[in-house]
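Spelled out from the first residue to the last, the chains are:
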Amino acid sequence: MRLSVILATWNEFWYSETSPLSVAVYRILLGLITIIFVLLLIPDLFVYFGSQGICSNQAVADWVNGRSVFLNVLSFYPDNDQFLTAFHCFFFVAAVALTLGYKTRLAAAACFICLTTLYHRDPFIFNSGDTYLRVSTFWLIFSASGDALSIDGLTKRRNADANFDNYRPVSIWPLRLLQLQLCTVYCHAFFCKIVGGPWMDGTAVFTSSRLEDLHRLPIPFIFENRFTVAFLSWSTLILECALWTLIWIKEFRYWVIAIAVIFHITIDWSMNIPLFEWLMIISYVLFIDNQDLARLLTFIRNKFRHRV
Amino acid sequence: MPNHNNSEKRSRQSLLSELLSPQEWARIRKPLINTFIIFHGILNYCYLFNNHPYINNINHFFFGYYTFLGLEQSWNVFAPGPRETNAHLTAIITYTDGTTRLWTYPRMERLDFFTKIAKERYRKFFNDNASWSIPLLWPEIARYVARISYDDSSNPPMVVSLIRFHSKVLPIEQGLGKPNLAQSEAKSLIVYTVKPEDLVGVKVK
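Residues numbered from 1 in each chain as written. Chains lettered and ligands numbered in written order. Predicted model: local features only at pLDDT ≥ 70, side-chain atom pairs only at ≥ 80, totals over all residues. Heavy atoms only, no water.

## Focus on the nonpolar core
The nonpolar side chains of a soluble globular protein tend to be buried with one another. Grouped together as the largest cluster of nonpolar side chains are 135 residues, with contacts concentrated most on Tyr26(A), Phe37(A), Phe49(A), Leu118(A), Phe125(B), Phe126(B) and Ile141(B). In terms of residue count, helix 2 (residues 21-41) of chain A provides more of this core than any other element does, 11 residues in total. Both domain 1 (2-68) and domain 2 (85-199) of chain B contribute no fewer than three residues apiece to this core. Residues in contact with Phe37(A), not counting those within four places in the same chain, are Phe91(A), Leu115(A), Leu118(A), Phe126(A), Asp130(A), Leu133(A), Leu275(A) and Arg121(B). (Core = buried A, V, L, I, M, F, W, Y, C linked by side-chain atoms within 4.5 Å. Buried < 20%, exposed > 50% of the residue type's maximum accessible area, 1.4 Å probe, protein only. Helix = DSSP H or I, 4+ residues; strand = E, 2+ residues; numbered from the N terminus. Domains from an automatic or database assignment. Contact = heavy atoms within 4.5 Å.)

## What to know about the packing of aromatic side chains
Residue and element names in this part refer to chain B. Scanning the model with the defined rule gives 37 aromatic pairs over all chains in all. Note on phenylalanine 39 and phenylalanine 62: the rings are 5.1 Å apart at their centroids and 75° apart in plane angle, and the pair reads as edge-to-face. Of this pair, phenylalanine 39 sits in helix 2 (residues 22-48) while phenylalanine 62 sits in helix 3 (residues 53-68), and the two are 23 residues apart along the sequence. A relative accessible area of 26% places phenylalanine 39 in the partly exposed class. (Phe/Tyr/Trp six-rings, centres within 6.5 Å; stacked < 30°, edge-to-face > 60°.)

## A word on helix 7 (residues 128-141) of chain A
Residue and element names in this part refer to chain A. Here helix 7 is 14 residues long and its end C-alpha atoms lie 20 Å apart, about the 20 Å a rise of 1.5 Å per residue gives. The element helix 7 is extensively covered by neighbouring structure, given that 14 of its 14 residues are classed as buried. Sitting at the amino-terminal end of helix 7 is asparagine 127, which places a side-chain oxygen 2.9 Å from the backbone nitrogen of glycine 129. (Expected span 1.5 Å × (residues − 1). Polar contact = N/O pair within 3.5 Å; in protein donor to acceptor, adjacent residues only side chain to side chain.)

## Notes on helix 9 (residues 173-194) of chain A
In a regular helix each residue adds 1.5 Å, so 22 residues correspond to 32 Å; helix 9 of chain A covers 31 Å between its end C-alpha atoms and thus fits that length. The element helix 9 of chain A is largely enclosed, with a buried count of 19 among its 22 residues.

## So, the packing of helix 9 of chain A against helix 12 (residues 226-242) of chain A
Residues and elements named next belong to chain A. Contact geometry for helix 9 and helix 12: axes closest at 8 Å, N-to-C directions at 145°. Between helix 9 and helix 12 lies a crossing whose hand is left-handed. Across the interface between the two elements, Tyr186, Ala189, Phe190, Lys193 and Ile194 of helix 9 pack against Leu237, Glu240 and Cys241 of helix 12. Class assignment for the residues of the contact of helix 9 with helix 12 results in six nonpolar, no polar and two charged. (Axes fitted to C-alpha atoms, helices over the stretch in contact; angles between N-to-C directions. Left-handed = near helix turned anticlockwise from the far one by under 90°. Nonpolar A, V, L, I, M, F, W, Y, C, P; charged D, E, K, R; others polar.)

## Quick look at the side chain of Glu120(B)
Examined against the element boundaries, Glu120(B) turns out to sit in helix 5 (residues 120-130). Under the relative-accessibility criterion, Glu120(B) is labelled buried at 3%. Among the polar contacts made by the side chain of Glu120(B), one reaches the side chain of Asn127(A) at a distance of 3.3 Å. When sequence neighbours within four positions are dropped, the list of residues in contact with Glu120(B) reads Asn127(A), Asn272(A), Pro274(A) and Met108(B).

## Some thoughts on the packing of helix 2 of chain A against helix 6 (residues 104-121) of chain A
Residue and element names in this part refer to chain A. It is at 12 Å that the axes of helix 2 and helix 6 come closest, and there the two elements cross at 35°. Considering how the two elements wind past one another, helix 2 and helix 6 form a crossing that is left-handed. Residue-level inspection shows Arg27, Thr34, Phe37 and Leu41 of helix 2 in contact with helix 6, the latter providing Thr104, Cys111, Leu115 and Leu118. In the contact of helix 2 with helix 6, the residues fall into five nonpolar, two polar and one charged.

## Section: the domain arrangement of chain B
With domains assigned, chain B is organised as domain 1 (2-68) and domain 2 (85-199). Look at where the C-alpha atoms of domain 1 of chain B and domain 2 of chain B centre, and you get two points 45 Å apart.

## Side note on the pattern of salt bridges
Inspection of the entire model under this criterion finds 17 salt bridges over all chains. The partner of Glu240(A) in a salt bridge is Lys193(A), and the shortest N-O contact between them spans 2.9 Å. Here Glu240(A), found in helix 12, pairs with Lys193(A), found in helix 9; they are 47 residues apart in sequence, far enough to count as distant. With a relative accessible area of 6%, Glu240(A) lands in the buried category. Here Asp128(B) and Arg123(B) are joined by a salt bridge, their closest N and O atoms 3.2 Å apart. Judged by its relative accessible area of 21%, Asp128(B) is partly exposed. Overall, the relative accessible area of 5% leaves Arg123(B) in the buried class. (Salt bridge = Lys/Arg side-chain N within 4 Å of Asp/Glu carboxyl O.)

Spelled out as structure tokens, the structure:
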């Protein structure tokens, strides 16, 4: 292979142009999940982050052993519950602005700062879903997600004709970063699992179904049968592998996504890991062809108009 | 390019032209983005697949940047295998008059469908982190429990004992079709003597 071919491939992958539609839909869905994230924290906000809560600023500092400084807006007024309340209100407003696409990049940056602040204030309450939300919001800052389906788009009259397939093309590289972030999740999960016995010997799904604190709704039979347990364990590995490989191939993409959606809905049904599964599901929109997405949105809009 | 894009393009250009001429921006744009992509790509790879001393050195060098922005990530949930224990924490509060009270956090297995969604972070904090791997949280929890259990100024909490109850998940050969073992194995994590300053600021009757 010639160097010029590699450079051309690199350029095509990172520097071609695309419609902002898919990343805009992703922004709206991510914004909605961020709003839910903010709302779910409210009942126990002071338990998690307050001056009299379960984890002091000093404990976090001791844990990291003074190794670094962190992006943490709450450290400006530590142990100040009024400031924490104001901060959380600001976070809510930023999440709403992100969803609506108002000052979109600024809203994405604000959401990222808020997510990172809470993570650094009490890292012990956050799970993988929160990490994914935080990192994805960081990449979203660089995207032109406000160029479609947004207040920004309306006020600038950028898309006056309102056709879903007629947006001004934007740089593709931020979309690529978001896509690669999703693939990174599955790639790392896959390689971490294949070295372990339980996934390879087909018993991992049985063990995970027995974790009482993760139970949500029961699924009869399948977790109590050796064959189905083994099938699900190995299927998990195959699917996770497909989600960073086959998803890039157009002919396989929608099949992989459809199976992955069923996979995550099944996990969400049986396990109480709020938001994580939905974050994964909404991320598949990043891989949907813009033309197909435009057709889908047009179909939904027409249905809605007919009903009205 | 459609006309309605011109004003937006102008405002972007005017902002950029404060710093760079359009030609200069066009010249550095791609190298800048390339650097950004490659830098973060390598950093992510090194962080996720940290299996060599050289990689560890790279992580160490960029640790400040990565953690400052909270970009560290790991996707090893249930890997290499799911955890094989069920556990929960309980605290026994001993008051000055010798009476005791039992406390536990909202345990997921006892909550209804909607409540356990909202309270999931208790599970993460107590079951995944505090119960096992992070002992520095034990005095924190003890102080928190002392504060929320302090409801009579004449009888403040004196000692908080933190106990972990747990049980192993039976292997598939023994566990198929059988219920889980009761979480009856106990381990005392900390016996914390409450100090007066721990209760400062608590509103009591």
